[in-house]
Amino acid sequence: MDKAEQTMLDNLHKNTGKSLDQWIAVVKAKSFEKHGQIMKFLKEEEGLTHGFANLIALKTLATDAGSVEDKNELIENQYKGKEHFRPIYDHLINEISKFGNDIEIAPKNANVSLRRKKQFALLHPITKTRFEIGINLKGQDPSGKLLPSGNAMCTHKINLSGLEDIDDEVMNWVKKAYENAG
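Residues numbered from 1 in each chain as written. Predicted model: local features only at pLDDT ≥ 70, side-chain atom pairs only at ≥ 80, totals over all residues. Heavy atoms only, no water.

## A short note on the packing of aromatic side chains
Reasoning step 1: According to the stated counting rule, one finds five aromatic pairs in the structure shown.
Reasoning step 2: With centroids separated by 5.4 Å and ring planes inclined at 45°, the aromatic side chains of Phe-99 and Tyr-178 adopt a geometry described as tilted. Here the residue Phe-99 occupies a position in the loop between α6 (86-97) and β1 (104-107), and Tyr-178 occupies one in helix α7 (residues 168-180), the gap between them amounting to 79 residues. Tyr-178 matches Phe-99 in its accessibility class, with the two residues each being buried. (Phe/Tyr/Trp six-rings, centres within 6.5 Å; stacked < 30°, edge-to-face > 60°. Helix = DSSP H or I, 4+ residues; strand = E, 2+ residues; numbered from the N terminus. Buried < 20%, exposed > 50% of the residue type's maximum accessible area, 1.4 Å probe, protein only.)

Written out as structure tokens, the structure is:
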């Protein structure tokens, strides 16, 4: 469990008076089958914020990354229908791992987060034609392959369509983000 999730769990009990297990029991008693049903109930009937409702819904249905025992399964699922991008992911992980032995590789449902003291990159097969590296480089002007992301998770992005797109410029931007995150 990462720090952000632990903080959410601590605040859930503090702000609502119920633990996650208690909220899961409440939701399971209603026999909801879909995420949206749980969200609507928790927000409209119980008055919870979107963040708390989402956390409870994900944990109730065990559809969050933390509920998956085999993290490799998350990675395999990301590349279903996008198998041609798996060599990009494998190459990037191999090269980024050479930066240092302090990198946490954290697979999620849709992407893989790379962290040191904080997240510095996201590896994400966005569509069947675009692989994206999300990068955190606060204060850095976009330049060359480094584009503004328009995403709250990362300040910048680099779009890739094949292994040939991974060059020194790409790796230098990722390394700079890595260095800034330590």
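From this point, things continue past the structure.
## Some thoughts on the pattern of salt bridges
Reasoning step 1: Here the structure, examined in full by the defined rule, presents seven salt bridges.
Reasoning step 2: A salt bridge links Arg-86 to Asp-90; its shortest N-O distance comes to 2.9 Å. With Arg-86 and Asp-90 both in helix α6 and four residues apart, the pair spans about one turn of that helix.
Reasoning step 3: Residue classification places Arg-86 among the partly exposed positions, given a relative accessible area of 23%.
Reasoning step 4: We classify Asp-90 as partly exposed; its relative accessible area is 38%.
Reasoning step 5: Across the salt bridge formed by Glu-104 and Arg-115, the nearest N and O atoms sit 3.6 Å from each other. (Salt bridge = Lys/Arg side-chain N within 4 Å of Asp/Glu carboxyl O.)

## Details of the packing of helix α1 (residues 3-16) against helix α2 (residues 20-29)
Helix packing for two helices is described by the angle between their axes and how far apart those axes are.
Reasoning step 1: Close contact between α1 and α2 brings their axes to 9 Å; oriented N to C, the two are set at 70°. The orientation of α1 relative to α2 falls into the category roughly perpendicular. Taken together, the residues of α2 that come into contact with α1 (itself represented by Leu-9, Leu-12, His-13 and Thr-16) are Leu-20, Gln-22 and Trp-23.
Reasoning step 2: Counted by class, the contact of α1 with α2 contains four nonpolar, three polar and no charged residues. (Axes fitted to C-alpha atoms, helices over the stretch in contact; angles between N-to-C directions. Parallel < 35°, antiparallel > 145°, perpendicular 65-115°, else oblique. Contact = heavy atoms within 4.5 Å. Nonpolar A, V, L, I, M, F, W, Y, C, P; charged D, E, K, R; others polar.)

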